[in-house]
Amino acid sequence: VLTSSNLAVAETSIERLRVVTSQRSMDLPSLNAASQSVRAIAALAGAGCETESEYPPWSPRLGSALLSRCRRLYRELYHTEPRISAIHAGLECAIIGGIYPDLDMISFGPTTENAHSPSERLHVPSFCRLQGFLAALLSSVASGENR
């Protein structure tokens, strides 16, 4: 998914309807277009629209040296190819990348279901794999391995 718009909250009272949406994208033009669409819909409905905060875009660099190192380490540890995908997550990378645009970054985590909901679930074995992988990655960086 390159860009999405999420209906986050809908609140009603006797006098008004308040709708909160969250737009996310991997590139700024698409993020701006999604936000503009929300503003246009509000205007067509005769409603006001405020932007309180925005998640900055972040696009992973598939040719990254760090990603190559992570692929190699994962294969060595688990004797299988890692699943590499781009999802709407890793927002910290977007924020840090805005400050340090040349920083080589990846985002990874355990398998979860129904994130940010009352029924969110963590796949515990994936968390254990993540823990071992992170330890191996940090050891690799600390030892100065360049492969």
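Our subject is the structure listed above.
In this report, we go over the structure that sits alongside the text.

Cut-offs applied
- As a convention, each chain's residues are numbered from 1 in the sequence order in which they are written.
- Predicted model: local features are reported for residues with pLDDT of at least 70 only, side-chain atom pairs are reported and counted for 80 or more only, and whole-chain, interface and lining totals are derived from all residues.
- With hydrogens and water stripped out, all remaining heavy atoms of the structure feed into the side-chain values.
- Each helix is a run of H or I in the DSSP string that is no shorter than four residues. Each strand is a run of E no shorter than two, and both are numbered from the N terminus.
- Each radius of gyration reported is based on C-alpha atoms, and the globular scaling rule is 2.2 Å times the count of residues to the power 0.38.
- The buried label goes to any residue with under 20% of its type's maximum accessible area, the exposed label to any with over 50%, and the partly exposed label to all in between, with areas taken from a 1.4 Å probe on protein chains only.
- Residues are treated as being in contact if the distance between any of their heavy atoms lies within 4.5 Å.
- A 1.4 Å probe and the Shrake-Rupley method give the accessible areas. Residues count as covered only by the protein chains that appear here.
- Grid points spaced at 1 Å and placed over the protein atoms alone form the basis of the search, with a cavity being a set where a 1.4 Å probe fits but cannot get out and a pocket an open set showing protein on both sides within 12 Å along at least five of seven lines. Lining residues have an atom within 4 Å of a point.
- Grid points are joined across faces, edges and corners, and a volume is the space filled by probe spheres set on the points.
- Ring pairs shown here join Phe, Tyr and Trp side chains whose ring centres sit within 6.5 Å, with only the six-membered ring taken for Trp; geometry is labelled stacked below 30 degrees between planes, edge-to-face above 60, and tilted in between.

**A word on the overall build of the protein chain**
At step 1: Looking only at helices and strands, the protein chain features 4 helices and 4 strands.
At step 2: Moving toward the C terminus, one meets the helices and strands of the protein chain in the order β-β-α-α-α-β-β-α.
At step 3: At 19 Å, the protein chain has a C-alpha radius of gyration far larger than the 15 Å of a compact globule built from 147 residues.
At step 4: With the principal axes as the frame, the protein chain shows a C-alpha extent of 60 × 35 × 20 Å.
At step 5: Within the protein chain, the fraction of its 147 residues that count as buried is 20%.
At step 6: Across the protein chain, contacts joining residues at least 24 apart in sequence account for 52% of those joining residues at least 6 apart.
At step 7: Accessible area of the protein chain: about 10700 Å², with a carbon and sulfur share of 57%.

**Examining the layout of surface pockets**
At step 1: The computed volume of the second largest pocket comes to approximately 930 Å³.
At step 2: In this structure, the second largest pocket is lined by 25 residues; those nearest its centre are Val19, Val20, Thr21, Cys49 and Glu50.
At step 3: Counting only elements with at least two residues in the lining of the second largest pocket, the list comes to strand E2 (17–25) and helix H1 (28–44).
At step 4: At 7 residues, E2 tops the list of elements feeding residues into the lining of the second largest pocket.

**Some points on unusual backbone geometry**
Excluding glycine, residues mostly have negative phi values, and the peptide bonds linking residues are mostly trans.
At step 1: Positive phi values are uncommon outside glycine, yet His79 reaches one of about 55°.
At step 2: On the basis of relative accessibility, which here comes to 71%, the residue His79 falls in the exposed class.

**Notes on the packing of aromatic side chains**
At step 1: All told, the structure shown has 3 aromatic pairs when counted by the stated rule.
At step 2: Here Tyr74 and Tyr78 contribute two aromatic rings whose centre-to-centre distance is 4.9 Å and whose plane-to-plane angle is 55°, an arrangement assigned as tilted. In this pair, Tyr74 and Tyr78 both sit in helix H2 (residues 65–78), 4 residues apart, roughly one turn of the helix.
At step 3: You can call Tyr74 buried: its relative accessible area is 19%.
At step 4: Judged by relative accessible area, which is 24%, Tyr78 ranks as partly exposed.
At step 5: With a centroid separation of 5.2 Å and an interplanar angle of 85°, the aromatic rings of Phe108 and Phe133 are classed as edge-to-face. With Phe108 in the loop between helix H3 (91–99) and strand E3 (112–113) and Phe133 in helix H4 (residues 124–142), this pair connects stretches of sequence that are 25 residues apart.
At step 6: One aromatic cluster in this structure is built from Tyr74, Tyr78, Phe108 and Phe133.

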